[in-house]
Amino acid sequence: MSKTILIVDDSMSMRQLVKMTLTGAGHQVIEASDGRDALTKLNGQKINLIISDVNMPNLDGIGLVKEIKNRNEYRFTPIIMLTTESEQGKKAEGQAAGAKAWIVKPFQPQQLLAAVEKLVG
Amino acid sequence: MLELRHDTHQDPALLALTGSLTIYEVRQAHDELRAALAGGQRQWRIDLAELEELDSAGAQLLLALQRHLLSLDGGLDVSNPTADVLELLELLHLQSLYPDVLPAQP
Amino acid sequence: MLNGEQWSQLLQSFLEEGGDLLKQAEECLLVLDGDLADEEAINGLFRAMHTLKGSAGLFSLTPVVAFTHQLESLLMAVRDGERSLTPNLISLMLRCLDELGSMIGRINVETGAVEGNDEVLQTQLLNALAAEMGQGSDSLPTPTAPREGQVQRAPATGEGAWHISLRFSPDLYRNGFDPAAFVRYLSRLGEITHLEVLDENLPDFHQMDPEACYLGMEISLRSASSKAEIEEVFEFILDFCKLRILPPESSLSDYLQLIRELPETDERIGSILVASGLLTEHELNTGLTMQAQGEEPRAPLGSVLVEAGMVAPAVVNAALEKQQVVRERRAQESSLIKVAAHKLDELINLVGELVISAAGAQLQARAHGHSDFIESTQVVNRHVEQIREAALKLRMIEIGDTFNRFHRVVRDVSQELGKKIRLEVRGADTELDKSVTDKIADPLTHLVRNAIDHGIESAEERLAAGKPAEGHLALNAYHESGMIVIEVSDDGRGLNTARIRQKAIDKGLIDPNANLSEHDLHMLIFAAGFSTADSVSNLSGRGVGMDVVRSAIDQLRGTVEIESRPGLGCTFRIRLPLTLAIIEGFLVSLGGEYFVIPLDMVTECMELGDQPLIDGIYGYLNLRGKPLPCIDLSAHFDLPASAVRRRNIVVVSQGRQQAGLIVDQLHGELQTVIKPLGLLFQHLQGISGSTILGSGQVALILDIPSLFRQLQALVDTGASETRSVQNRQELLPRL
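The name an unreviewed UniProt entry gives chain C is Chemotaxis protein CheA, with Pseudomonas mangiferae as the organism. Turning to chain C, the UniProt record has this under Catalytic activity (unreviewed entry): "ATP + protein L-histidine = ADP + protein N-phospho-L-histidine."

The name given to chain A in an unreviewed UniProt entry is Response regulator, with the source organism recorded as Pseudomonas mangiferae.

Set out below in structure tokens:
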């Protein structure tokens, strides 16, 4: 079933990779370049899943998760965090904020696809 | 978005759900269902023709409602689920919620 | 789903991963060949098969999944100490890896199907494995697609069905998780034959929190997956559920224990197990009765991952270890990035262009004489230089990977020939350009096969010659004056010059009266159509001769030399440039023409005094009391005679040879981006490529090894009959 997925990452190539992988699997993808941009892009529309980088300018991934959990219409939306091994310290903070699914970069496209399907398949 | 209409003048009483019944809507649905149950009807038929989306939380609410009615010697029948809703019911083998009336094939 | 191109791209990355995994697996097997009990190798092998199976599953490559599954189970048994490896098993498994490689090779990237799958061979291999393990083939069933066939009720024994119990925590939904999604995903691993949602923990409708999860699930899954793979499906919700997984064909007591441990009533769980076909009614009743009578000690409740009984300890350990291994691998992966080679090529091409344009800018700055401008172009050039070095380093990889593949080649070939040979690898950490590595692998394979086939004698011959029965083959790599040197040496019989000579005469390659040096005779084995074997064995004689080795090395701008000692062995020494893209050059000019000499070959420069060349164009000069063979390049290339009064000599060296090149002017060092010569000029002797100078002018890159060969042909007294003499004849009219 086609889902609407928001990908938040300041790296365009990472967004491209994620977008290609997900649109290839038949999903709709909305792109945002950082947490603040993501909140603008949400704009009340229905989102099935959020995939977010941790380290971003303006509003980082953890801040974004906290914001999302505070918004009624998005508080139950599943979130996949993309992180690097060096950001493991952020994981505890992120999990406390409500992001429970983490994927360590670099990852294979099929790995991401598998995670997405597990959460919203 | 969920819209819940009920008609307790019929027997079984009718319940129609429109929109989505997911984790986002279950609290609203729970509140409205409790209000509807206040009329005392034990036998209900739920029409899902307009329900576009159902998730496990929504299905759980229907299961709970069904158990409640059964415990009162009543019951809950499901009719007209859309294809997506039926897919979930079948995936989870929720046989007690299988429809006795299937939607007309388009 | 995925569109064709994207699918192909993803599949392509699987193919690469698959190749890597097979290589890892093979390396592990070869380690095990030396030490059957090497735990790290067994784990590595298991891990490789496990990962391969997992990835293949994502692409629904059923034959690959089925085949790897069998290998994985076998390895699991080995790892858990239930079976032990034998040399025969290792040989068999190597053949299995070959078959896997060929399966992966036959995957059509467009359709995602394994084309022309040889199920017969696969079944044979698996049966042979089973036989070698000393058990009937029923424990290693022939591969069958686990997902094929209609929905069937599992047979009463529960054969092949996993039992999965899930009890969710109330917070599940609120964290964005929907158990339905996980069930959907689980159904990809196999066929869900039974699923029951447990709703008995639902509180009274009026009291319930509709956002809390009260459900549980009992699932039967027919699947070839491993426990770790099933557990991975639930990886994100492990904190939000109690997960119990019972492997197929668990014992009655395992199921009884499960019944005891689950919070629901024994009857409820019992009836689910019966409904799933995992237990018969009779078994259940007997079991429960026995339990009630206290005939079986009650196991402690509440342990999540089940103590003894639910799963064999070995299986639990396996699962834990597997997770550990996955974690470790992720940690390693994060420090590496895989990049397609062509992207690096693109980068290096661009850096090449950058080098040229930066040099152009510097020239212009100098022409304008603007000091600030000159200074900033110098800074730019310095950075460009750093970028160039960094970019080139990106391509440098250790030769070890290439060397290591020869363990397998040596093992296979020596086994085929019934020879016992030990391979020694040295200098595996020596780095060279990836493109060079790729191109040198085949020639090396040929040299290695040749050494085993022709060089190293049979054990009897060796013993008779007073040598150890075991032959010795060595691969060695090291850096030497800006080149990488790769040696293939054996302790065999050495080259038989008499036979080479006879063969060459028979083949009409040389005149029967020719007087050739030892060196020239050796080099004859590289001549096209030459083969020393009396009978073409199917090893070295694969339709390609040593001439292919030679031309491959030539294409890499490398050289090869042979050092043979009769009865003691033979060494092939290959010298290659470290990279093909950019070199440090030394710019010289002849009249108005510019030439580049690879800097790493230049040993010194000096002014050409008044001493004349002994022989016009070619001849000797006195270098510190020793004769230095020299070429007057202007004359050699037929350029107009030099008008410059003070000319210079650039002394170049290659290996132990030295020569002087006489040029007009020296212009100093230069980053040289090599552009291949067009088709028209490829046959040119003595020129290996061209480059563009900052001024836009073209400079030709001198092919020093080829100049050396031409010079050698001229100075060799006995060279009248060799192939290289043709060069002399070409050159003679100019003399």
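Let's pick the thread back up.
A. Main features of the overall build of chain A. The secondary structure content of chain A amounts to five helices and five strands. Counted from the first residue to the last, chain A has its helices and strands arranged as β-α-β-α-β-α-β-α-β-α. When burial is assessed residue by residue, chain A has 59% of its 121 residues classed as buried.

B. Looking closely at the confidence of the model for chain C. Residues and elements named next belong to chain C. Averaged over every residue, the pLDDT of chain C is 77; residues scoring 70 or more account for 77%. The model gives residues 135-159 a pLDDT under 50, and that stretch makes 48 contacts with residues more than four places away or in other chains. Across residues 717-735, where pLDDT falls below 50, the model places 22 contacts with residues more than four positions away in sequence or in other chains. Both scores are available for the predicted complex, with the pTM at 0.43 and the ipTM at 0.92.

C. Representation of helix 19 (residues 546-555) of chain C. Residues and elements named next belong to chain C. Of the residues making up helix 19, those classed as buried are Met-546, Val-549, Arg-550, Ala-552 and Ile-553. For helix 19, the buried positions fall inside an angular range of 165° around the axis, keeping them on one side. Residue Arg-557 follows helix 19 closely and has a positive phi angle near 60°.

D. Fine view of the packing of helix 3 (residues 62-79) of chain C against helix 4 (residues 87-105) of chain C. All names here are of chain C. Orientation of helix 3 relative to helix 4, taken along the N-to-C sense of each, is 160°, at an axis distance of 10 Å. For the element pair helix 3 / helix 4, the angle class is roughly antiparallel. The two elements helix 3 and helix 4 cross, and the hand of that crossing is left-handed. Contacts between helix 3 and helix 4 pair Pro-63, Val-64, Phe-67, Thr-68, Leu-71, Leu-74 and Leu-75 from the former with Met-93, Cys-96, Glu-99, Leu-100 and Met-103 from the latter. A per-class count over the contact of helix 3 with helix 4 returns 10 nonpolar, one polar and one charged.

E. Region of interest: the UniProt feature "modified residue: Phosphohistidine" (unreviewed entry) in chain C. The sites that UniProt annotates as "modified residue: Phosphohistidine" (unreviewed entry) are His50(C). Here His50(C) lies in helix 2 (residues 39-58).

F. Expanded view of the UniProt feature "modified residue: 4-aspartylphosphate" (unreviewed entry) in chain A. All names here are of chain A. Residues annotated by UniProt as "modified residue: 4-aspartylphosphate" (unreviewed entry) correspond here to Asp-53. With respect to the helices and strands, Asp-53 occurs in strand 3 (residues 49-53). When neighbours within four sequence positions are excluded, Asp-53 is seen to be in contact with Val-8, Asp-9, Asp-10, Gly-61, Met-81, Leu-82 and Lys-105.

G. Region of the structure containing the nonpolar core. Membership of the largest hydrophobic core comes to 91 residues, with the highest contact counts inside it found for Ile51(A), Ile80(A), Leu21(B), Ile164(C), Leu186(C) and Phe234(C). In terms of residue count, the dominant contributor to this core is helix 2 (residues 56-71) of chain B (eight residues). Not counting residues within four places of it along the chain, the set of residues in contact with Ile80(A) comprises Leu49(A), Ile50(A), Ile51(A), Ser52(A), Ala101(A), Ile103(A), Ala115(A), Val116(A) and Leu119(A). By size, the runner-up hydrophobic cluster in this structure holds 45 residues, among which are Leu444(C), Met523(C), Phe572(C) and Ile574(C).

H. Geometry of the sheet that holds strand 2 (residues 13-21) of chain B. Residues and elements named next belong to chain B. One open sheet accounts for four strands, arranged 1-2-3-4; its pairing is mixed. Two strands bound the open sheet, and with one partner strand each, they are strand 1 (2-7) and strand 4 (75-79). In this sheet, adjacent strand axes meet at a mean angle of 20° when their direction is disregarded. Across five bridges, the pairing between strand 3 (residues 43-54) and strand 4 is parallel. If you follow Ile-46 over to strand 4, its bridge partner there is Val-78. Sheet strands in contact with helix 1 (residues 26-37) are strand 1, strand 2 and strand 3, and its direction is about 10° off that of strand 1.

I. Representation of the pattern of salt bridges in the model. All names here are of chain C. All told, the structure shown has 40 salt bridges over all chains when counted by the stated rule. The shortest N-O distance in the salt bridge between Arg-408 and Asp-98 comes to 2.7 Å. Separated by 310 residues along the polypeptide, Arg-408 in helix 14 (residues 400-417) and Asp-98 in helix 4 bring together distant segments of the chain. Residue classification places Arg-408 among the buried residues on the basis of a relative accessible area of 8%.

J. Focus on the interface of chain B and chain A. Residue-level contacts link five residues of chain B with nine residues of chain A. The largest share of the area that chain B buries against chain A comes from Ile23(B), Tyr24(B) and Glu53(B), three residues that together contribute 79% of it. In this structure, Lys46(A) engages Glu53(B) in a salt bridge whose closest nitrogen and oxygen atoms are separated by 2.8 Å. Counting across the interface, chain B meets chain A through four residue pairs in polar contact (both at pLDDT 80 or more). Considered class by class, the residues forming the side of chain B that touches chain A number two nonpolar, no polar and three charged.

K. The packing of aromatic side chains, seen in detail. All names here are of chain C. With the rule as written, the count across this model stands at six aromatic pairs over all chains. Here the aromatic rings of Phe-182 and Phe-234 are separated by 6.3 Å at their centres, their planes lie at 20°, and the arrangement is stacked. Of the two residues, Phe-182 is situated in helix 6 (residues 179-186) and Phe-234 in the loop between helix 7 (227-233) and strand 4 (241-246); the sequence distance between them amounts to 52 residues. For the residue pair Phe-182 and Phe-234, the accessibility class agrees, reading buried in each case. Centroid distance Phe-595 to Phe-637: 5.6 Å. Interplanar angle 10°. Geometry classified as stacked. Placement of the pair is Phe-595 in strand 13 (residues 593-598) and Phe-637 in the loop between helix 20 (633-636) and strand 17 (648-654), with a sequence separation of 42 residues. Site record: aromatic cluster; members linked through ring pairs are Phe-177, Phe-182, Phe-234 and Phe-240. The lysine or arginine in question, Arg-79, covers the ring of Phe-46, its NZ or CZ lying 4.3 Å from the ring centre.

Cut-offs and rules
- Residues numbered from 1 in each chain as written.
- Chains lettered and ligands numbered in written order.
- Predicted model: local features only at pLDDT ≥ 70, side-chain atom pairs only at ≥ 80, totals over all residues.
- Heavy atoms only, no water.
- UniProt positions renumbered as here; feature names shortened; annotations may be inferred.
- Helix = DSSP H or I, 4+ residues; strand = E, 2+ residues; numbered from the N terminus.
- Buried < 20%, exposed > 50% of the residue type's maximum accessible area, 1.4 Å probe, protein only.
- pLDDT = per-residue confidence, 0-100.
- Contact = heavy atoms within 4.5 Å.
- Arc of directions from axis to C-beta.
- Axes fitted to C-alpha atoms, helices over the stretch in contact; angles between N-to-C directions.
- Parallel < 35°, antiparallel > 145°, perpendicular 65-115°, else oblique.
- Left-handed = near helix turned anticlockwise from the far one by under 90°.
- Nonpolar A, V, L, I, M, F, W, Y, C, P; charged D, E, K, R; others polar.
- Core = buried A, V, L, I, M, F, W, Y, C linked by side-chain atoms within 4.5 Å.
- Pairing = 2+ DSSP bridges.
- Salt bridge = Lys/Arg side-chain N within 4 Å of Asp/Glu carboxyl O.
- Buried area = accessible area lost by both parts, 1.4 Å probe.
- Polar contact = N/O pair within 3.5 Å; in protein donor to acceptor, adjacent residues only side chain to side chain.
- Phe/Tyr/Trp six-rings, centres within 6.5 Å; stacked < 30°, edge-to-face > 60°.
- Lys NZ or Arg CZ within 6 Å of the ring centre and 35° of its normal.

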